[in-house]
Amino acid sequence: LLASLPLQMMLYFNLYYFPVWFLGEGTMLQLKYQLLPQHYQFLLIAAFLILSLAEGSRLYLGYVGNLQEK
């Protein structure tokens, strides 16, 4: 089996777009945080952390899995 070039290219570009998304989403969350009820504040922080961790692990596992052909 060979490594998938289209998958590797998507992972490569996503690696550079992820920090842009992270900073943009973090900035928007900070700006609207004070205007939201407390339960929405908790839900937004939890969703932001879960999505960030999931995306980081997805990128890592994608690189490792594609390059090692797993």
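Predicted model, so just to flag it, every value in this text is computed and none were measured. (Residues numbered from 1 in each chain as written. Predicted model: local features only at pLDDT ≥ 70, side-chain atom pairs only at ≥ 80, totals over all residues. Heavy atoms only, no water.)

## A word on the packing of aromatic side chains
One pass over the structure, following the stated rule, counts 6 aromatic pairs. Aromatic side chains Y12 and Y16 sit 5.1 Å apart centroid to centroid with 75 degrees between the ring planes, which places their arrangement in the edge-to-face category. Remark: Y16 and Y12 occur in helix α1 (residues 5–32); sequence separation between them is 4 residues, near one turn of the helix. Taking the relative accessible area as the measure of exposure, Y12 reaches 41% and is therefore partly exposed. Between F18 and W21 the ring centres are 5.9 Å apart and the planes differ by 20 degrees, which places this aromatic pair in the stacked class. On the criterion of helical spacing, the pair formed by F18 and W21 is a turn pair, its members being 3 residues apart in helix α1. (Phe/Tyr/Trp six-rings, centres within 6.5 Å; stacked < 30°, edge-to-face > 60°. Helix = DSSP H or I, 4+ residues; strand = E, 2+ residues; numbered from the N terminus. Buried < 20%, exposed > 50% of the residue type's maximum accessible area, 1.4 Å probe, protein only.)

## A look at the UniProt feature "transmembrane region" (unreviewed entry) in the protein
Per the UniProt record, the feature "transmembrane region" (unreviewed entry) sits at residues 12–31 and 43–61. A helix fraction of 100% and a strand fraction of 0% characterise residues 43–61, whose end C-alpha atoms lie 26 Å from each other. (UniProt positions renumbered as here; feature names shortened; annotations may be inferred.)

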